[in-house]
Amino acid sequence: MISYDFEYYKPTSIEEASQLFQSLDEQGKEPIYFSGGTEVITLGRVNQIITGAVIDIKGILECLVLKKNENKVIIGAAQSLTKIREVQLFPFLSKAIVEIADHTARNKITLGGNICANIIYRETVLPLLLTNSQVVIASHNGLKQLPINEVFNQKLKLEKGEFLVQTITEQSEVDLPFLCVKKRRQWDVGYPLLTVAALTSNEYIKVAFSGLCSFPFRNQLIEESLNNKQLSKETRIEEAIQRIPAPILDDVQGSAEYRQFVLKNTLLDVLDAWEGEGNA
Ligand SMILES: Cc1cc2nc3c(=O)[nH]c(=O)nc-3n(C[C@H](O)[C@H](O)[C@H](O)COP(=O)(O)OP(=O)(O)OC[C@H]3O[C@@H](n4cnc5c(N)ncnc54)[C@H](O)[C@@H]3O)c2cc1C
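These figures come from a predicted structure and were not determined experimentally. (Residues numbered from 1 in each chain as written. Predicted model: local features only at pLDDT ≥ 70, side-chain atom pairs only at ≥ 80, totals over all residues.)

**Overview of the overall build of the protein chain**
Then step 1. Along the backbone of the protein chain there are 12 helices and 14 strands.
Then step 2. Taking 2.2 N^0.38 as the reference for a compact globule, 280 residues should give roughly 19 Å; the C-alpha atoms of the protein chain span a radius of gyration of 19 Å, in line with that estimate.
Then step 3. On the principal axes, the C-alpha backbone points of the protein chain span a range of 60 × 45 × 30 Å.
Then step 4. Across the 280 residues that make up the protein chain, the buried fraction comes to 37%. (Helix = DSSP H or I, 4+ residues; strand = E, 2+ residues; numbered from the N terminus. Rg over C-alpha atoms; globule rule 2.2 N^0.38 Å. Buried ≥ 20, exposed ≤ 12 C-beta atoms within 10 Å, placed from the backbone.)

**Structural notes on the site of the ligand**
Then step 1. Surrounding the ligand, one finds 32 residues, the nearest of these being Gly36, Thr38, Ala101, Gly112 and Gly113.
Then step 2. When contributions to the shell around the ligand are tallied by element, the ones reaching two or more residues are strand E2 (32-34), helix H2 (38-45), helix H5 (103-108), helix H6 (111-115) and strand E10 (163-170).
Then step 3. Taken domain by domain, the makeup of the shell around the ligand includes at least three residues from each of domain 1 (7-59) and domain 2 (61-174). (Near = placed C-beta within 6 Å. Domains from an automatic or database assignment.)

**Some thoughts on helix H12 (residues 256-275)**
Then step 1. Compared with an ideal rise of 1.5 Å per residue, which puts 20 residues at 28 Å, H12 spans 28 Å between its outermost C-alpha atoms and is within 8% of the ideal.
Then step 2. Inspection of H12 places Arg259, Leu263, Thr266, Leu267, Val270 and Leu271 among the buried residues, and these make up the whole buried set. The buried residues of H12 all sit within an arc of 140° when viewed along its axis, so they share a single face. When the buried face of H12 is taken as reference, the exposed residues oriented beyond 90 degrees from it are Glu257, Phe261 and Asn265.
Then step 3. On its buried face, H12 is in contact with strand E11 (178-183), strand E12 (194-201), strand E13 (204-210), helix H10 (220-226) and helix H11 (233-242).
Then step 4. Within two residues after H12, glycine 276 carries a phi angle of roughly 90°, on the positive side. (Expected span 1.5 Å × (residues − 1). Arc of directions from axis to C-beta. Contact = placed C-beta atoms within 7 Å.)

**A look at the pairing of strand E4 (residues 66-69)**
Then step 1. As paired strands, E4 and strand E5 (residues 72-76) are joined by four bridges and run antiparallel to one another. Within the sheet, the bridge partner assigned to lysine 67 lies in E5 and is isoleucine 74.
Then step 2. Hairpin connection of E4 to E5: two residues between the antiparallel strands, including glutamate 70 at a positive phi of 45°. (Pairing = 2+ DSSP bridges.)

**Looking at the packing of H11 against H12**
Then step 1. Following both chains from N to C, one finds H11 and H12 inclined at 130°, their axes separated by 10 Å at the closest point. Compared by their axis directions, H11 and H12 come out oblique. Regarding H11 and H12, the two cross each other, and that crossing is right-handed. For the pair H11 and H12, the contacting residues are Lys233, Ile237, Ala240 and Ile241 in the first and Gln260, Leu263, Lys264, Leu267, Leu268 and Leu271 in the second. (Axes fitted to C-alpha atoms, helices over the stretch in contact; angles between N-to-C directions. Parallel < 35°, antiparallel > 145°, perpendicular 65-115°, else oblique. Left-handed = near helix turned anticlockwise from the far one by under 90°.)

**Let's talk about the environment of leucine 249**
Then step 1. Summarising the element assignment, leucine 249 is placed in the loop between H11 and H12.
Then step 2. Considered as a pair, leucine 249 and leucine 66 are 183 residues apart in the sequence and their alpha carbons are 35 Å apart.
Then step 3. With residues near it in sequence (within four places) discarded, leucine 249 still touches Gly211, Leu212, Cys213, Ser214, Ala256 and Arg259.

**Digging into the nonpolar core**
Then step 1. By size, the foremost hydrophobic cluster in this structure holds 66 residues, and its most contacted members are Ile57, Val165, Ala197 and Val207.
Then step 2. In contact with alanine 197, not counting residues within four places along its chain, are Ala96, Leu126, Pro127, Leu130, Cys180, Val207 and Ala208. (Core = buried A, V, L, I, M, F, W, Y, C linked by C-beta atoms within 7 Å.)

**Details of the sheet that holds E5**
Then step 1. Strand order in the open sheet formed by five strands is E4-E5-E10-E6-E7, and the pairing between neighbours is antiparallel. A single partner strand is all that each edge strand has here, and the edge strands are E4 and strand E7 (142-147). Averaged over neighbouring strand pairs, the angle between their axes works out to 20° when direction is ignored.
Then step 2. Two strands pair when backbone bridges link them, and strand E6 (residues 134-139) and E10 are joined in this way by five bridges, in the antiparallel orientation. What sits directly across from valine 136, in E10, is glutamine 166.

**Let's talk about the sheet that holds strand E1 (residues 7-9)**
Two orientations exist for strands paired in a sheet by backbone hydrogen bonds: parallel and antiparallel.
Then step 1. Pairing in this open sheet of three strands is parallel, and the strands run E1-E3-E2 from one edge to the other. Two strands close off the open sheet at either side, each with one partner strand: E1 and E2. Neighbour to neighbour, the strand axes of the sheet diverge by 30° on average, direction disregarded.
Then step 2. Pairing geometry for E1 and strand E3 (residues 53-56), over three bridges, is parallel. Bridging from a neighbouring strand, tyrosine 8 pairs with valine 54 of E3.

In C-alpha coordinates form, the structure reads like this:
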(Lines give C-alpha, C1' and ligand atoms only; values in the text may rest on other atoms or scores of the structure.)
Protein backbone atom coordinates (compact mmCIF):
# COMPACT_ATOMS: atom_id res chain seq x y z
CA MET A 1 0.00 0.00 0.00
CA ILE A 2 1.10 3.53 -0.72
CA SER A 3 0.73 5.57 2.44
CA TYR A 4 0.06 8.95 0.80
CA ASP A 5 -2.56 10.27 -1.65
CA PHE A 6 -1.54 11.44 -5.09
CA GLU A 7 -3.31 12.64 -8.23
CA TYR A 8 -3.15 10.68 -11.49
CA TYR A 9 -3.07 12.36 -14.92
CA LYS A 10 -2.93 10.75 -18.36
CA PRO A 11 -2.29 13.43 -20.99
CA THR A 12 -2.67 12.62 -24.68
CA SER A 13 -0.04 14.98 -26.09
CA ILE A 14 3.53 16.00 -25.32
CA GLU A 15 2.49 19.65 -24.88
CA GLU A 16 -0.24 18.69 -22.41
CA ALA A 17 2.20 16.58 -20.40
CA SER A 18 4.78 19.39 -20.23
CA GLN A 19 2.16 21.97 -19.27
CA LEU A 20 0.69 19.66 -16.65
CA PHE A 21 4.13 19.17 -15.13
CA GLN A 22 4.70 22.92 -14.95
CA SER A 23 1.33 23.72 -13.37
CA LEU A 24 1.47 20.82 -10.89
CA ASP A 25 4.98 21.87 -9.96
CA GLU A 26 3.81 25.46 -9.37
CA GLN A 27 1.10 24.05 -7.07
CA GLY A 28 3.85 22.35 -5.02
CA LYS A 29 2.71 18.83 -5.94
CA GLU A 30 6.22 17.66 -6.90
CA PRO A 31 4.94 15.77 -9.97
CA ILE A 32 6.80 12.85 -11.53
CA TYR A 33 6.40 11.07 -14.85
CA PHE A 34 4.96 7.58 -14.75
CA SER A 35 5.50 4.95 -17.44
CA GLY A 36 5.39 1.26 -16.47
CA GLY A 37 4.99 2.32 -12.84
CA THR A 38 6.85 -0.71 -11.45
CA GLU A 39 9.47 1.40 -9.72
CA VAL A 40 7.22 4.33 -8.84
CA ILE A 41 4.87 1.92 -7.04
CA THR A 42 7.61 -0.18 -5.39
CA LEU A 43 9.53 2.85 -4.13
CA GLY A 44 6.26 4.66 -3.30
CA ARG A 45 5.32 1.85 -0.93
CA VAL A 46 8.48 2.39 1.11
CA ASN A 47 8.30 6.19 0.87
CA GLN A 48 11.46 6.40 -1.23
CA ILE A 49 9.39 8.17 -3.88
CA ILE A 50 6.93 10.71 -2.53
CA THR A 51 4.81 12.73 -4.94
CA GLY A 52 1.52 14.60 -5.02
CA ALA A 53 0.86 13.80 -8.71
CA VAL A 54 1.94 11.34 -11.38
CA ILE A 55 1.80 12.06 -15.10
CA ASP A 56 1.31 8.83 -17.05
CA ILE A 57 2.90 9.17 -20.50
CA LYS A 58 1.28 6.02 -21.96
CA GLY A 59 -1.50 8.08 -23.58
CA ILE A 60 0.96 9.99 -25.78
CA LEU A 61 1.23 8.55 -29.32
CA GLU A 62 4.86 9.60 -29.84
CA CYS A 63 5.83 7.67 -26.70
CA LEU A 64 4.26 4.50 -28.13
CA VAL A 65 5.92 4.48 -31.56
CA LEU A 66 7.63 1.24 -32.49
CA LYS A 67 8.76 1.25 -36.10
CA LYS A 68 11.48 1.19 -38.70
CA ASN A 69 11.48 4.33 -40.79
CA GLU A 70 13.99 5.38 -43.48
CA ASN A 71 16.73 3.15 -42.10
CA LYS A 72 16.11 4.18 -38.50
CA VAL A 73 14.56 2.21 -35.68
CA ILE A 74 12.35 4.42 -33.52
CA ILE A 75 11.13 3.20 -30.13
CA GLY A 76 8.73 5.11 -27.89
CA ALA A 77 9.74 5.51 -24.25
CA ALA A 78 6.39 4.13 -23.01
CA GLN A 79 6.62 0.86 -24.94
CA SER A 80 6.81 -2.21 -22.73
CA LEU A 81 9.93 -4.36 -22.82
CA THR A 82 7.77 -7.33 -23.91
CA LYS A 83 6.41 -5.48 -26.95
CA ILE A 84 9.85 -4.19 -27.98
CA ARG A 85 11.23 -7.69 -27.81
CA GLU A 86 8.31 -9.19 -29.76
CA VAL A 87 8.74 -6.92 -32.79
CA GLN A 88 12.45 -7.79 -33.04
CA LEU A 89 13.42 -4.53 -34.71
CA PHE A 90 16.53 -4.24 -32.57
CA PRO A 91 18.02 -7.68 -31.71
CA PHE A 92 20.78 -6.26 -29.47
CA LEU A 93 18.19 -4.40 -27.36
CA SER A 94 15.96 -7.51 -27.35
CA LYS A 95 18.84 -9.56 -25.96
CA ALA A 96 19.40 -7.05 -23.12
CA ILE A 97 15.64 -7.00 -22.48
CA VAL A 98 15.13 -10.75 -22.22
CA GLU A 99 17.60 -10.83 -19.32
CA ILE A 100 15.64 -8.22 -17.32
CA ALA A 101 13.13 -9.48 -14.73
CA ASP A 102 10.51 -12.06 -15.82
CA HIS A 103 7.89 -12.00 -18.55
CA THR A 104 5.14 -10.66 -16.28
CA ALA A 105 7.27 -7.76 -15.05
CA ARG A 106 8.48 -7.04 -18.60
CA ASN A 107 4.85 -6.60 -19.67
CA LYS A 108 4.80 -3.53 -17.42
CA ILE A 109 8.38 -2.22 -17.45
CA THR A 110 8.96 0.30 -20.25
CA LEU A 111 12.06 1.41 -22.11
CA GLY A 112 11.87 4.98 -20.76
CA GLY A 113 11.18 3.81 -17.23
CA ASN A 114 14.21 1.54 -17.32
CA ILE A 115 16.55 4.17 -18.79
CA CYS A 116 15.35 6.76 -16.23
CA ALA A 117 15.02 4.34 -13.31
CA ASN A 118 16.43 5.14 -9.89
CA ILE A 119 17.79 1.62 -9.69
CA ILE A 120 21.48 1.50 -10.59
CA TYR A 121 21.34 -1.10 -13.40
CA ARG A 122 19.26 0.48 -16.20
CA GLU A 123 20.44 -2.27 -18.52
CA THR A 124 18.50 -1.23 -21.62
CA VAL A 125 20.78 1.76 -21.99
CA LEU A 126 23.80 -0.42 -22.86
CA PRO A 127 22.82 -1.26 -26.49
CA LEU A 128 21.73 2.35 -27.02
CA LEU A 129 25.10 3.71 -25.87
CA LEU A 130 27.00 1.28 -28.10
CA THR A 131 24.91 1.98 -31.22
CA ASN A 132 25.31 5.76 -30.85
CA SER A 133 21.54 6.11 -30.63
CA GLN A 134 19.76 9.45 -30.36
CA VAL A 135 17.22 10.39 -27.71
CA VAL A 136 14.20 12.63 -28.25
CA ILE A 137 13.49 14.67 -25.13
CA ALA A 138 10.41 16.79 -24.48
CA SER A 139 11.15 20.05 -22.70
CA HIS A 140 8.97 23.10 -22.07
CA ASN A 141 10.44 24.65 -25.26
CA GLY A 142 9.49 21.67 -27.43
CA LEU A 143 11.37 18.59 -28.60
CA LYS A 144 15.13 18.16 -28.80
CA GLN A 145 17.07 15.29 -30.36
CA LEU A 146 20.52 14.53 -28.96
CA PRO A 147 23.11 11.73 -29.08
CA ILE A 148 22.60 9.51 -26.05
CA ASN A 149 26.35 9.49 -25.47
CA GLU A 150 26.14 13.26 -24.84
CA VAL A 151 23.22 13.20 -22.43
CA PHE A 152 23.68 9.93 -20.60
CA ASN A 153 26.38 10.30 -17.98
CA GLN A 154 25.64 7.79 -15.23
CA LYS A 155 21.98 8.66 -15.79
CA LEU A 156 19.97 10.48 -18.42
CA LYS A 157 20.57 14.17 -17.76
CA LEU A 158 17.10 15.69 -17.85
CA GLU A 159 16.18 19.20 -16.73
CA LYS A 160 13.22 19.60 -14.39
CA GLY A 161 9.99 18.83 -16.27
CA GLU A 162 11.71 17.11 -19.22
CA PHE A 163 10.89 13.56 -20.24
CA LEU A 164 12.18 10.98 -22.66
CA VAL A 165 9.91 10.52 -25.67
CA GLN A 166 11.78 8.15 -28.02
CA THR A 167 15.07 6.60 -28.95
CA ILE A 168 16.28 6.57 -32.57
CA THR A 169 18.92 4.17 -33.86
CA GLU A 170 20.42 3.90 -37.36
CA GLN A 171 19.66 0.54 -39.00
CA SER A 172 23.38 0.25 -39.96
CA GLU A 173 24.21 0.25 -36.22
CA VAL A 174 21.37 -2.17 -35.39
CA ASP A 175 22.85 -4.64 -37.92
CA LEU A 176 26.33 -4.77 -36.30
CA PRO A 177 27.45 -7.96 -34.50
CA PHE A 178 26.86 -7.80 -30.74
CA LEU A 179 27.18 -9.77 -27.53
CA CYS A 180 25.32 -9.24 -24.28
CA VAL A 181 26.42 -11.35 -21.32
CA LYS A 182 24.64 -11.12 -17.97
CA LYS A 183 26.13 -12.88 -14.95
CA ARG A 184 24.01 -13.28 -11.85
CA ARG A 185 24.85 -14.49 -8.41
CA GLN A 186 22.17 -17.13 -8.66
CA TRP A 187 18.90 -18.03 -10.43
CA ASP A 188 17.87 -17.07 -13.94
CA VAL A 189 15.97 -13.92 -13.01
CA GLY A 190 17.38 -11.12 -10.96
CA TYR A 191 19.65 -8.14 -10.86
CA PRO A 192 23.05 -8.58 -12.42
CA LEU A 193 26.33 -9.29 -10.72
CA LEU A 194 27.67 -7.92 -13.96
CA THR A 195 26.37 -7.30 -17.48
CA VAL A 196 28.82 -6.76 -20.32
CA ALA A 197 27.40 -5.58 -23.64
CA ALA A 198 29.71 -5.43 -26.64
CA LEU A 199 29.49 -4.51 -30.29
CA THR A 200 32.06 -4.67 -33.07
CA SER A 201 32.34 -2.25 -35.97
CA ASN A 202 35.23 -2.28 -38.49
CA GLU A 203 37.06 -4.69 -36.17
CA TYR A 204 36.88 -2.16 -33.31
CA ILE A 205 35.25 -3.51 -30.17
CA LYS A 206 33.01 -1.25 -28.07
CA VAL A 207 31.86 -2.23 -24.58
CA ALA A 208 29.41 -1.02 -21.94
CA PHE A 209 28.76 -2.28 -18.43
CA SER A 210 26.01 -2.51 -15.85
CA GLY A 211 26.43 -3.84 -12.33
CA LEU A 212 30.17 -3.13 -12.30
CA CYS A 213 29.96 0.33 -10.72
CA SER A 214 27.01 2.16 -9.21
CA PHE A 215 25.85 3.27 -12.67
CA PRO A 216 25.84 1.86 -16.21
CA PHE A 217 28.55 3.22 -18.49
CA ARG A 218 30.57 3.08 -21.67
CA ASN A 219 34.17 4.29 -21.48
CA GLN A 220 36.40 5.12 -24.45
CA LEU A 221 39.68 4.58 -22.55
CA ILE A 222 38.58 1.04 -21.68
CA GLU A 223 37.75 0.47 -25.34
CA GLU A 224 41.17 1.81 -26.42
CA SER A 225 42.89 -0.66 -24.08
CA LEU A 226 40.84 -3.60 -25.31
CA ASN A 227 41.55 -2.73 -28.94
CA ASN A 228 45.33 -2.35 -28.58
CA LYS A 229 46.23 -5.49 -30.51
CA GLN A 230 49.96 -4.99 -29.94
CA LEU A 231 49.44 -6.36 -26.44
CA SER A 232 48.24 -9.80 -25.35
CA LYS A 233 44.56 -10.14 -24.52
CA GLU A 234 45.38 -10.60 -20.83
CA THR A 235 47.48 -7.41 -20.72
CA ARG A 236 44.78 -5.46 -22.56
CA ILE A 237 42.18 -6.61 -20.07
CA GLU A 238 44.44 -5.75 -17.10
CA GLU A 239 44.96 -2.28 -18.56
CA ALA A 240 41.22 -1.88 -19.21
CA ILE A 241 40.43 -2.77 -15.59
CA GLN A 242 42.80 -0.04 -14.38
CA ARG A 243 40.63 2.40 -16.33
CA ILE A 244 37.28 1.59 -14.69
CA PRO A 245 36.01 5.10 -13.84
CA ALA A 246 34.59 4.46 -10.33
CA PRO A 247 34.90 1.94 -7.47
CA ILE A 248 33.77 -1.58 -8.35
CA LEU A 249 30.56 -2.49 -6.50
CA ASP A 250 30.95 -4.54 -3.35
CA ASP A 251 27.48 -5.64 -2.20
CA VAL A 252 25.11 -8.56 -1.63
CA GLN A 253 25.35 -9.59 -5.29
CA GLY A 254 29.12 -10.08 -4.94
CA SER A 255 32.38 -8.65 -3.63
CA ALA A 256 34.48 -6.26 -5.70
CA GLU A 257 37.18 -8.96 -6.05
CA TYR A 258 34.68 -11.49 -7.34
CA ARG A 259 33.19 -8.98 -9.79
CA GLN A 260 36.68 -8.21 -11.09
CA PHE A 261 37.37 -11.93 -11.55
CA VAL A 262 34.10 -12.40 -13.47
CA LEU A 263 34.79 -9.27 -15.51
CA LYS A 264 38.22 -10.56 -16.62
CA ASN A 265 36.77 -13.86 -17.78
CA THR A 266 33.85 -12.22 -19.54
CA LEU A 267 36.08 -9.75 -21.38
CA LEU A 268 38.34 -12.63 -22.43
CA ASP A 269 35.28 -14.43 -23.83
CA VAL A 270 34.33 -11.28 -25.77
CA LEU A 271 37.84 -10.92 -27.26
CA ASP A 272 37.97 -14.65 -28.06
CA ALA A 273 34.61 -14.47 -29.79
CA TRP A 274 35.73 -11.80 -32.22
CA GLU A 275 39.49 -12.32 -32.48
CA GLY A 276 39.66 -16.10 -32.14
CA GLU A 277 40.96 -17.99 -29.13
CA GLY A 278 44.52 -18.38 -30.40
CA ASN A 279 45.40 -14.70 -30.92
CA ALA A 280 47.82 -13.48 -28.28
C1 LIG B 1 11.28 -8.37 -10.54
C2 LIG B 1 12.03 -7.27 -11.22
C3 LIG B 1 13.34 -7.50 -11.63
C4 LIG B 1 14.05 -6.50 -12.31
N5 LIG B 1 15.34 -6.74 -12.74
C6 LIG B 1 16.01 -5.78 -13.43
C7 LIG B 1 17.35 -5.99 -13.91
O8 LIG B 1 17.93 -7.05 -13.72
N9 LIG B 1 17.94 -4.99 -14.60
C10 LIG B 1 17.31 -3.78 -14.85
O11 LIG B 1 17.90 -2.91 -15.48
N12 LIG B 1 16.06 -3.55 -14.41
C13 LIG B 1 15.40 -4.51 -13.72
N14 LIG B 1 14.13 -4.27 -13.28
C15 LIG B 1 13.44 -3.03 -13.67
C16 LIG B 1 13.72 -1.85 -12.74
O17 LIG B 1 13.91 -2.28 -11.43
C18 LIG B 1 12.60 -0.82 -12.79
O19 LIG B 1 11.48 -1.33 -12.07
C20 LIG B 1 12.08 -0.49 -14.14
O21 LIG B 1 13.13 -0.23 -15.02
C22 LIG B 1 11.16 0.72 -14.11
O23 LIG B 1 10.50 0.82 -15.34
P24 LIG B 1 9.01 1.40 -15.41
O25 LIG B 1 8.66 1.53 -16.84
O26 LIG B 1 8.10 0.58 -14.57
O27 LIG B 1 9.28 2.84 -14.80
P28 LIG B 1 8.42 3.76 -13.80
O29 LIG B 1 8.24 3.08 -12.48
O30 LIG B 1 7.22 4.28 -14.49
O31 LIG B 1 9.45 4.98 -13.64
C32 LIG B 1 10.75 4.80 -13.10
C33 LIG B 1 11.40 6.18 -12.95
O34 LIG B 1 11.66 6.75 -14.22
C35 LIG B 1 10.94 7.97 -14.40
N36 LIG B 1 10.45 7.93 -15.77
C37 LIG B 1 9.67 6.97 -16.32
N38 LIG B 1 9.51 7.19 -17.63
C39 LIG B 1 10.18 8.34 -17.90
C40 LIG B 1 10.40 9.09 -19.10
N41 LIG B 1 9.89 8.71 -20.28
N42 LIG B 1 11.15 10.22 -19.03
C43 LIG B 1 11.68 10.60 -17.84
N44 LIG B 1 11.52 9.93 -16.68
C45 LIG B 1 10.78 8.81 -16.72
C46 LIG B 1 9.85 7.96 -13.34
O47 LIG B 1 9.48 9.28 -12.94
C48 LIG B 1 10.54 7.20 -12.22
O49 LIG B 1 11.39 8.03 -11.47
C50 LIG B 1 13.42 -5.25 -12.57
C51 LIG B 1 12.12 -5.01 -12.14
C52 LIG B 1 11.41 -6.01 -11.48
C53 LIG B 1 10.00 -5.72 -11.05
